Amino acid sequence: MIDRLLEDLGGENIAVACVYCDFQDHEGQTAANMVGALTKQVVNALKMVPPEIEEAFKRAEREVGGRGLRVPETVKLLGSALAPMRRTFICIDALDECSDKHLSQLLSSLQTVSRTSPGVRLFITGRPHIQSAVEKYLPRSVQVMPFSLKSEDIREYLEMKLKHDSGTEEMNPALKADIMKRIPEKIPDMYVMANSISEPASNR
Amino acid sequence: MNGSTQVEPNATGTGHINSFNQINSNNTTTIITTHADEKAKVLNWLSPLQPHVRHNDVRNRRQDGLGEWFLQTDGFLRWRDGEGESGKATLFCSGNPGVGKTFLR
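Since the structure is predicted, the reported quantities are computational estimates derived from the model, not experimental observations.

J.: Help me out: how do you make sense of the overall build of chain A in this one?
T.: When its secondary structure is counted, chain A shows nine helices and four strands. Going residue by residue from the N terminus, the α and β elements of chain A occur as α-β-α-α-α-β-α-β-α-β-α-α-α. Counting across all 204 residues of chain A, residues that qualify as buried make up 49%. A sequence separation of at least 24 residues applies to 75% of the contacts in chain A between residues at least 6 apart. For chain A, the exposed surface amounts to about 10,900 Å²; the carbon and sulfur share of it is 52%.

Quick look at the structure:
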């Protein structure tokens with residue numbers, strides 16, 4: 001999606017920044033590091049490092065032992081990076097994998113950012129149960145869309161996989177046909193979800 | 001790679017790949033750090049996380065066209081094209097693990 005946004009909208013003053021949450025990396029994925037990672041990507045899209053960030057970096061360098069960034073500072077720096085941008089798409093993937101300890105800090109950071117930087121659009125993915133937390137921190141601004149694979153997607157994916165497998169001894173046209181028939185049948189809930197996607201415009 | 005054609009050994013021997021210690025005509029050593037090097041330092045300081053590594057991994061395993069319908073829905077396009085205060089600024093894409101949310105292209 002990130003590549004797609006850039007392809008479709010790419011141009012001056014547009015940035016896309018993403019963070020992939022991972023429950024296997026709770027130590028590294030603090031709210032400060034995640035907000036910092038967003039800042040990093042926006043800065044990278046700018047021609048030069050914004051002076052506020054440059055100054056904060058120099059200040060931190062002068063401090064003996066070098067202190068890590070704290071959440072309020074990173075949020076401020078993200079704001080400075082966003083200022084020259086007309087639009088920035090921030091994507092947070094698998095928010096439910098973020099540890100409880102950092103989830104509220106991350107969401108309240110995103111709340112501040114979306115309030116202070118009107119050019120920001122947030123895209124968050126996660127399991128359905130995390131929705132209430134998202135809505136709590138970003139009231140009135142959340143649109144929810146269930147996502148699932150459509151049957152065409154499943155078929156297409158299987159075909160790709162089977163093509164890679166076709167060299168193996170066990171694979172033959174009959175088995176392939178069987179797989180193509182049975183697997184999509186086994187996942188009927190995905191069809192249901194896919195069909196219930198359309199969100200009425202009146203919800204806005 | 002042997003960098004000796006680009007980087008001359010300097011008096012103190014502390015030069016590294018991105019910073020050049022140059023001896024100028026007055027024979028004083030001037031450290032010129034490339035702009036890119038300075039930017040890289042700032043970026044590292046901002047966060048140790050490297051989302052682009054994961055992104056490249058996702059990109060390599062992704063099947064083009066997967067979930068294309070989602071990116072064509074009114075809801076998605078409204079979110080993408082809404083400016084400033086117009087429309088909802090946050091899109092929450094909900095789904096259970098394994099349905100391919102990460103691999104949306």
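J.: Explain the overall build of chain B to me, please; I cannot follow it from the model alone.
T.: A count of helical and extended segments in chain B gives four helices and three strands. What you see in chain B, going N to C, is helices and strands ordered as β-β-α-α-α-α-β. A burial count over chain B gives 39% of its 105 residues as buried. In chain B, of all internal contacts separated by at least 6 residues, the share reaching a separation of at least 24 is 31%. For chain B, the accessible area works out to roughly 6,000 Å², and carbon and sulfur atoms hold 51% of it.

J.: Explain the pairing of strand S3 (residues 120-126) of chain A here, please?
T.: The buried fraction of S3(A) amounts to seven of the seven residues, a majority that puts the element mostly inside the structure. Neither face of S3(A) is left uncovered, since the one carrying Val120(A), Leu122(A), Ile124(A) and Gly126(A) and the one carrying Arg121(A), Phe123(A) and Thr125(A) both have all their residues buried. Pairing of strand S2 (residues 87-93) of chain A with S3(A) involves five bridges; the strand directions are parallel. Among the inter-strand pairings, Thr88(A) is bridged to a residue of S3(A), identified as Val120(A). With helix H5 (residues 100-116) of chain A bridging S2(A) and its parallel neighbour S3(A), the resulting β-α-β unit is right-handed. Where S3(A) meets strand S3 (residues 90-94) of chain B, five bridges bridge the pair, whose relative direction is parallel. From the neighbouring strand, Phe123(A) faces S3(B), where its bridge partner is Leu91(B).

J.: What is the right way to look at the layout of surface pockets in this model?
T.: To find the voids left in a structure, one rolls a probe of water-molecule size over its atoms. For the second largest pocket, the calculated volume is near 430 Å³. Lining the second largest pocket we find 20 residues, and of these Lys40(A), Gln41(A), Asn44(A), Pro51(B) and His52(B) sit closest to its centre. Classifying every residue of the lining of the second largest pocket gives eleven nonpolar, six polar and three charged.

J.: Quick question: what am I supposed to make of the nonpolar core here?
T.: Considering soluble globular proteins, one finds that nonpolar side chains tend to be buried as a cluster. Counting residues in hydrophobic clusters, the biggest one holds 51 residues, and the most contacted among them are Ile53(A), Ile92(A), Leu95(A), Leu106(A), Trp45(B) and Leu46(B). In terms of residues, this core owes the most to one element, helix H2 (residues 31-45) of chain A, which gives eight residues. If you look at the next biggest cluster of nonpolar residues, it comprises 18 residues, including Leu5(A), Phe123(A), Phe70(B) and Trp79(B).

J.: Which parts of the structure should I look at to understand the pattern of salt bridges?
T.: Where side chains of opposite charge bring their charged atoms close, a pairing between them can arise. Residue and element names in this part refer to chain A. Per the counting criterion, the structure on display carries three salt bridges over all chains. Linking Asp96 and Arg127 is a salt bridge whose minimum nitrogen-to-oxygen distance equals 3.0 Å. Residue Asp96 is located in the loop between S2 and H5, and its partner Arg127 is located in the loop between S3 and helix H6 (131-137); the two are separated by 31 residues in the primary sequence.

J.: Please clarify how the packing of aromatic side chains should be interpreted in this entry.
T.: Two aromatic rings are characterised by how far apart their centres lie and by the angle between their planes. Taken as a whole and assessed by the stated rule, the structure comprises five aromatic pairs over all chains. Note on Phe123(A) and Phe76(B): the rings are 6.4 Å apart at their centroids and 85° apart in plane angle, and the pair reads as edge-to-face. On the criterion of chain membership, the pair formed by Phe123(A) in strand S3 and Phe76(B) in helix H4 (residues 74-81) is interchain, its members lying in two chains. The buried category is assigned to Phe76(B), whose relative accessible area is 3%. Chaining the aromatic ring pairs together yields one cluster made of Phe89(A), Phe123(A), Phe76(B) and Trp79(B).

J.: Which parts of the structure should I look at to understand the packing of helix H3 (residues 51-62) of chain A against helix H1 (residues 35-46) of chain B?
T.: Angle between the axes and distance between the axes are the two parameters that describe a pair of packed helices. The N-to-C vectors of H3(A) and H1(B) enclose an angle of 75°; their axes lie 10 Å apart at closest approach. On the basis of the axis angle, H3(A) is roughly perpendicular to H1(B). Touching Ile53(A), Glu54(A), Ala56(A), Phe57(A) and Ala60(A) of H3(A) are Glu38(B), Lys41(B), Val42(B), Trp45(B) and Leu46(B), all from H1(B). Of the residues in the contact of H3(A) with H1(B), the class split is seven nonpolar, no polar and three charged.

J.: Mind showing me how you'd approach the environment of Tyr137(A) here?
T.: Relative to the elements of secondary structure, Tyr137(A) occurs in helix H6. The buried category is assigned to Tyr137(A), whose relative accessible area is 18%.

J.: I tried to follow the sheet that holds strand S1 (residues 14-20) of chain A on my own but got confused; where do I start?
T.: Here five strands make up an open sheet; going across it, the order is S1(A)-S2(A)-S3(A)-S3(B)-S4(A) and the pairing parallel. Strand pairing shows two members of the sheet lacking a second neighbour, S1 and strand S4 (142-146) of chain A, which therefore form its edges. The average angle at which neighbouring strand axes cross in this sheet is 15°, direction not considered. H5(A) rests against S2 and S3 of chain A of the sheet, and its axis sits at about 165° to S2(A).

Criteria and cut-off values
- Residues numbered from 1 in each chain as written.
- Chains lettered and ligands numbered in written order.
- Predicted model: local features only at pLDDT ≥ 70, side-chain atom pairs only at ≥ 80, totals over all residues.
- Heavy atoms only, no water.
- Helix = DSSP H or I, 4+ residues; strand = E, 2+ residues; numbered from the N terminus.
- Buried < 20%, exposed > 50% of the residue type's maximum accessible area, 1.4 Å probe, protein only.
- Contact = heavy atoms within 4.5 Å.
- Areas by Shrake-Rupley, 256 points an atom, 1.4 Å probe, with all protein chains shown as cover.
- Pairing = 2+ DSSP bridges.
- Right-handed = clockwise from strand over helix to strand, strands pointing away.
- 1 Å grid on protein atoms, 1.4 Å probe; cavity = no way out; pocket = protein on both sides within 12 Å on 5 of 7 lines; lining within 4 Å.
- Points joined across faces, edges and corners; volume = space filled by probe spheres on them.
- Nonpolar A, V, L, I, M, F, W, Y, C, P; charged D, E, K, R; others polar.
- Core = buried A, V, L, I, M, F, W, Y, C linked by side-chain atoms within 4.5 Å.
- Salt bridge = Lys/Arg side-chain N within 4 Å of Asp/Glu carboxyl O.
- Phe/Tyr/Trp six-rings, centres within 6.5 Å; stacked < 30°, edge-to-face > 60°.
- Axes fitted to C-alpha atoms, helices over the stretch in contact; angles between N-to-C directions.
- Parallel < 35°, antiparallel > 145°, perpendicular 65-115°, else oblique.

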